[in-house]
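The lines below spell out each chain.
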Amino acid sequence: MNKKDKSSVTFNLNGAPRTVFSSQIRRFSDVLREDLGLKGTKVGCDAGDCGACTILINGEQRYACLTATGQLDGCDVTTVEGLSKNGELTSLQHSFWAEGAAQCGICTPGMLMAAQSLLNQVPHPSEDQVLDALSGVLCRCTGYSKIIKAVINSTQKPTPISYPEVGNAVGSRMVKVDGYEKLTGEEIFAADKAPENSLWLRAIRSPHARARFSLKNPEKAMNKYSGLVKVLTAEDVPGNNGFGIYPHIKDQPVLAQDNVRFRGEAIAALIGDRESVESVTEEDLNLTWQPFEAVRGLESAIAANLDPVQSGFPDNTLSRGFVKKCEVEKGFSESHKIVEGIWTTSAIEHGYIEPEAGFANRIGDNIEIFVCTQTPYMDQSEVAQVLGIDKNQVRIIPSAVGGGFGGKLDISVHPLIAVAAWVLNHPVRCVYTRPESLASTTKRHPVRIRAKAGCSKDGKLTAFEFHGDFNTGAYASWGPTVADRVPIHCTGPYFVPNMLSETRALFTNESPSGAFRGFGTPQAAIAHEALMDTLAEKICMDPLEFRIKNALRKGDRTNTGQLLENSVGQTDCLESLKSRWVKWRKSAEEYNKKSAVIKRGVGSGSVWYGCGNTSMSNPSTIQVGISKKGKVTLYNGAMDIGQGANTVMVQICADALGIPASQFDIVMGDTNLTADAGKTSASRQTFVSGKASQLAGERLRAKIIHLAEVSDKASIHIEGEKLTAKDETGEHLIILSDIIPHENGDVLTGEGTFDPPTTPLDENGQGSPYATYGFGAQIAEVEVDTSLGTTKVLRIAAAHDVGKIINPTQVEGQIHGGIAQGLGLALMEEYIQEVSENLHDYLMPTVGDMPSIEVILIEDSEPLGPYGAKGIGEHALIPTAPAIIGGIKHATGIVINHLPATPDRVFSAIQKAGHKNTNS
Amino acid sequence: MMRNYYRPENLNDGLVALSENSWTMLAGGTDFYPARVGKHIKEKVLDLTGIKELRSIKETKDQIYIGALTTWTDIFKANLPEAFEGLRKASKTIGGVQTQNAGTICGNVCNASPAADSIPNLLALEAKVQLMSVKETRILPLEKFILGNRKIARKDNELVTGLIIPFPSKEARGNFEKLGSRAFLVISIAMVGVVVDFNESREIENLNVAVGSCSAVSKRLYLLEEEAIGQKLQDIEIKPLHLENLEPINDIRGTAAYRIAVISELVLRAIKGV
Ligand SMILES: Cc1cc2nc3c(=O)[nH]c(=O)nc-3n(C[C@@H](O)[C@@H](O)[C@H](O)COP(=O)(O)OP(=O)(O)OC[C@H]3O[C@@H](n4cnc5c(N)ncnc54)[C@H](O)[C@@H]3O)c2cc1C
Ligand code: FES
Ligand code: FES
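Residues numbered from 1 in each chain as written. Chains lettered and ligands numbered in written order. Predicted model: local features only at pLDDT ≥ 70, side-chain atom pairs only at ≥ 80, totals over all residues. Heavy atoms only, no water.

A. Structural context of the sheet that holds strand β22 (residues 620-627) of chain A. All names here are of chain A. The 4 strands are arranged β24-β23-β22-β28 in an open sheet whose pairing can be described as mixed. Because the sheet does not close on itself, it has two edges, and the strands there are β24 (664-668) and β28 (746-754). On average, each strand axis in the sheet is tilted by 20° relative to the strand beside it, whichever way the strands run. Taken together, the 5 bridges between strand β23 (residues 632-636) and β24 define a ladder with parallel strand orientation. Bridged to Thr 633 within β24 is Asp 665. Sitting on the sheet, helix α19 (residues 685-708) touches β22, β23 and β28, and the angle it makes with β28 is about 140°. (Pairing = 2+ DSSP bridges. Helix = DSSP H or I, 4+ residues; strand = E, 2+ residues; numbered from the N terminus. Axes fitted to C-alpha atoms, helices over the stretch in contact; angles between N-to-C directions. Contact = heavy atoms within 4.5 Å.)

B. Main features of the site of ligand 1. With respect to spatial proximity, 34 residues lie near ligand 1, and among them A:Gly48, B:Met25, B:Gly28, B:Thr30 and B:Asp31 are the closest. Near ligand 1, residues from chains A and B are present, making the site a shared one. With respect to ligand 1, the side chain of B:Asn108 contributes an N or O atom lying 2.8 Å from an oxygen atom. In this structure, a nitrogen atom belonging to ligand 1 sits 2.7 Å away from a side-chain N or O atom of B:Asp117. (Near = heavy atom within 4 Å. Polar contact = N/O pair within 3.5 Å; in protein donor to acceptor, adjacent residues only side chain to side chain.)

C. Highlighting helix α21 (residues 880-892) of chain A. Taking 1.5 Å per residue, 13 residues should reach 18 Å; α21(A) reaches 18 Å between its end C-alpha atoms and fits that length. In terms of residue burial, α21(A) counts as a mostly covered element, since 13 of its 13 residues are buried. (Expected span 1.5 Å × (residues − 1). Buried < 20%, exposed > 50% of the residue type's maximum accessible area, 1.4 Å probe, protein only.)

D. Examining the interface of chain A and chain B more closely. Facing the 58 residues of chain A at the interface are 50 residues of chain B. In total, about 4,300 Å² of surface goes out of reach between chain A and chain B, with carbon and sulfur atoms giving 59% of it. Across the contact surface, chain A and chain B share 3 salt bridges. A salt bridge links A:Asp841 to B:Arg253; the nearest nitrogen and oxygen atoms lie 2.7 Å apart. Counting across the chain A and chain B interface gives 17 residue pairs in polar contact (both at pLDDT 80 or more). Put simply, the parts of the chain that give the side of chain A that touches chain B at least two residues each are β4 (60-63), α4 (127-134), α8 (274-279) and α22 (903-913) of chain A. When the residues that make up the side of chain A that touches chain B are grouped by side-chain class, the tally is 25 nonpolar, 17 polar and 16 charged. (Buried area = accessible area lost by both parts, 1.4 Å probe. Salt bridge = Lys/Arg side-chain N within 4 Å of Asp/Glu carboxyl O. Nonpolar A, V, L, I, M, F, W, Y, C, P; charged D, E, K, R; others polar.)

E. Quick peek at the pattern of salt bridges. Residue and element names in this part refer to chain A. Summed over all chains, the structure comprises 57 salt bridges over all chains. The shortest N-O distance in the salt bridge between Arg 580 and Glu 854 comes to 2.7 Å. Of this pair, Arg 580 sits in helix α17 (residues 570-594) while Glu 854 sits in strand β31 (residues 852-858); the two residues are 274 residues apart in sequence, bridging distant segments of the chain. Across the pair Glu 781 and Arg 795 runs a salt bridge, and its minimum N-O distance is 2.7 Å. Highlighted residues: Glu 781 in strand β29 (residues 773-785) and Arg 795 in strand β30 (residues 790-801), separated in sequence by 14 residues. Assessed through its relative accessible area of 3%, Glu 781 is described here as buried. Residues participating in the shared-partner salt-bridge network are Arg 26, Asp 30, Asp 35, Arg 274 and Glu 278.

F. Quick peek at the packing of aromatic side chains. Taken as a whole, this structure holds 14 aromatic pairs over all chains when the rule is applied. Measuring from centroid to centroid gives 4.9 Å for B:Phe32 and B:Tyr33, while their planes differ by 85°, and the two rings are edge-to-face. Across the pair, exposure class does not vary: B:Phe32 and B:Tyr33 are buried alike. Chaining the aromatic ring pairs together yields one cluster made of A:Trp608, A:Tyr770 and A:Tyr773. We note A:Lys193 situated over the ring of A:Phe370; from NZ or CZ to the ring centre the distance is 4.7 Å. A cation over a ring is seen here: B:Arg88 above B:Phe76, with NZ or CZ 4.6 Å from the ring centre. (Phe/Tyr/Trp six-rings, centres within 6.5 Å; stacked < 30°, edge-to-face > 60°. Lys NZ or Arg CZ within 6 Å of the ring centre and 35° of its normal.)

Here's what the structure looks like:
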């Protein structure tokens, strides 16, 4: 930065005058964060699309990322840090906390500021006013319901923040243990921290889907920019220049060598001061490209006319999945009705509001990486093999994670900053821009599904066949997982006597597809639910009745032959929706009689989904300790990515140990401080790590009981260094400071490990892939404008069997958020390389797109789970799109086979159908 | 001293700066910054936001003047004649409140995107663009100002100082219809701005209707306008011929065929809904 471009700008910041000396064209968000150290203002796009940077300027809500610092001269600025005074939360912040309006919390500062600007003008706003005020802030976690409620409730008498009593934590609406930080802007996300002297890293990425490149002489750039320290290329990677989820498939290079396989692939990394790395151009680098025709789309991958995407896979087939139960042909031959169809879906972006970021710091022979992640332990191994060092030399320190949804299961900045910091022996940081995040990270697999189902005269399913091709992009990532998981679930939660399913994950020169909430099953659900609707129609049966009739029940064997013995709440879920279903369908049909253009319809969708990894050991270990000063710490390796694992683990452990949840401190996911609790994926944390947390609490309790020589029923109180255990024989005192401490300072510890029992699948895919399944069903009422093709979802009722509700607020939050993402999948989300590399053109639901949501929770206890609990994270999303698409069909008679159902697709389907089939 | 950023406090200083150098103009920044994500900003920027006199809406007997720094929120809050209802409605559909608080209507015009929501409304209002340099003041009809997709008739030394709109008749009413794929924060797949004026028998005396996002530059539907004169609102019909000058393209927001197919419905809704 030239000195002459800098000048001083003075403004009032959170009530006090401040002067900054800066370039005046710099985004004010950057000055706030980097110069003034106020990291509460978040940056999710730098383009006015996400609203995370919302602040108040002269009382009005404004995007700090679109405001030139020079424009602040003489202004009054309020940021999230200026809301609470002396640690006292405002009623708005308080209300957000009490309602569970912050999940990951990355959107929260922006939401709070937008809401505050409204409340300053309108003390008691209507819901419409709230929607308008929040219209410029995106949230990817909450589905907005609790945020709207929190804003409206903030004007009433606040609900006090109280923690549950001893023994009552499980099942309570306990507030988030990490809620306070998320509301004040103190929470530290991945871009919020880095050593003062860190160098910046910017990756150079391919603009081509497939090309050969040459990077001849980066020294030229080095000479031109004095602040440029190094141009990192493939040669600099000290260990294996490849990474990937599977131990035997490390196919994605950290930095590509000579060839790229998708647009967005990294080929080099610039390291230096920020201005220099942001200024270097391709010309400065002498970079030349020779593009080739790329394999685009599944058709091209299957045709295999071009050179294969990866030379080791001549037919572009990465992996296959297969499940076969009994005789599918025979089943069909005995069917009364058979229906079939083809469905396709688009690539979908996770859309977490926090772009990938982090820093790496080499300390002697060790390296520390601070990064947003869903899986610190896998990151640790990955970084170690890229650096060619031992796992124990790598420490992953997870930041607070601003949303993940599967996208932060793959590594992103990690290997780049690790290599740079290792080679230069200097701290290096990197923050992805939004376009970079969109272009370079994984997507939900686009699919092409061909499926067929048959039923008997009385509406019992007889046979089901499924062929799914999944576009896995240029690198393997989680492709094999998707190919495995889908065949198991592809029928939906129904008993099917004969079935066959096969899947392929195919390489293309497109964004690698990875893990995204549901691992391919949301796509499959669109097919199985459409088939259920059509079969019901064919035999003139109510679609919900048809689903109830065929729902999996206790004692049934699944597609893989697994006997379902416990916790199968599918019929309860469907039954609980029945009265609404009948009422809603009727009211929609009545409405349509009077409405020619706007048509309403109601559809339904069901889900079952195995919690945990497929037929694989996936243990979690959780530890709890008491220090000699009486501090109770839960060492939680189960990453909280907003879903609330920190809170759930504390609730469970508190009740198992028998002390109040409010007494817990928490350490999350640091590979040096916590044990491995596996990945935050596959809806496994509450079920698997939750069980480990329960066992840890129980073990510690058993130790205390033993030490104090009291009965099992004793109550435990910890106050400073005194632990008293009380039972019918009286009080028994343990002086904690008398006990010799462990290395970490704890004197009493408990550890629990749980690995859900599964069996491998045989060559026909038969076995017990999951220890338990979550079940659910949703119904959605939609409104279609048949003249324009636009669809609005009016209301959704969602019934889910979660085994045991550990925290109702959080379960509801997962369901609301899942529905929002399901709605996006159904109606608007479609990632197209080059075209939608920003949040302007990649559309996700806004606060105005959400229907009213009613949540019905079913508790069919799972004996293996903690207090009977199982997962919900992914289940919530899966039935939404089928219910919406079914609703469109009920409203208009049209069948949508390609998602998303954008206005042009709906319109053209209506045109083709010629309006004839509407439900009136 | 050569500087890369200058924020004049009055119009004259701004015009002088423009006469001496070539600058990129900055107003609300809602187009400027999104076009520069991840880039180090090196160009010379003339920040107009210090020129307070340009943030104003002035009415005289025969025209309404909208100063260059008038924001979308200013438009929404202003007490403008009924004919401006379309523009007012549009102001609430530009991004979220944050964008409306910062973004200026003149910036929207100068950015000249095919999807700029101000333009069909301003065309329907028969707006003119005022340009000033140290040497002269020019006033161009909006149709002459916008030359193409992101091309405008501004000379390097000129500042767009405001929009001039002939004072509409008392009876005239405006409306706006915008088609998008989500509720908020959505760029138009297509949009329509109309201003209708009536005679005493509630027949259409004058109809101005313009369609956006269906050609590189928003277009008036002159043929429809002519044929509408003397008709009642409810009798208006749209024929394919009326839409012949539109040239929609396929893009991420919708296909060309879709745009053409729905535009008549949107036009009808816009006209009938005034
Ligand atoms: C999230 C988001 C959503 C949006 N949604 C919409 C939408 O739905 N519809 C829509 O139409 N627009 C939309 N926009 C764009 C809209 O905000 C802008 O077009 C805005 O009106 C431009 O005004 P500005 O003051 O911010 O311009 P700036 O960004 O400051 O400038 C825009 C351009 O005009 C030039 N310029 C500005 N003022 C002058 C002047 N007085 N003289 C000469 N040149 C000038 C600048 O040099 C620049 O090239 C959206 C923007 C964002 C960030
Ligand atoms: S960071 Fe400013 S709107 Fe996204
Ligand atoms: S809580 Fe809103 S984005 Fe995570």
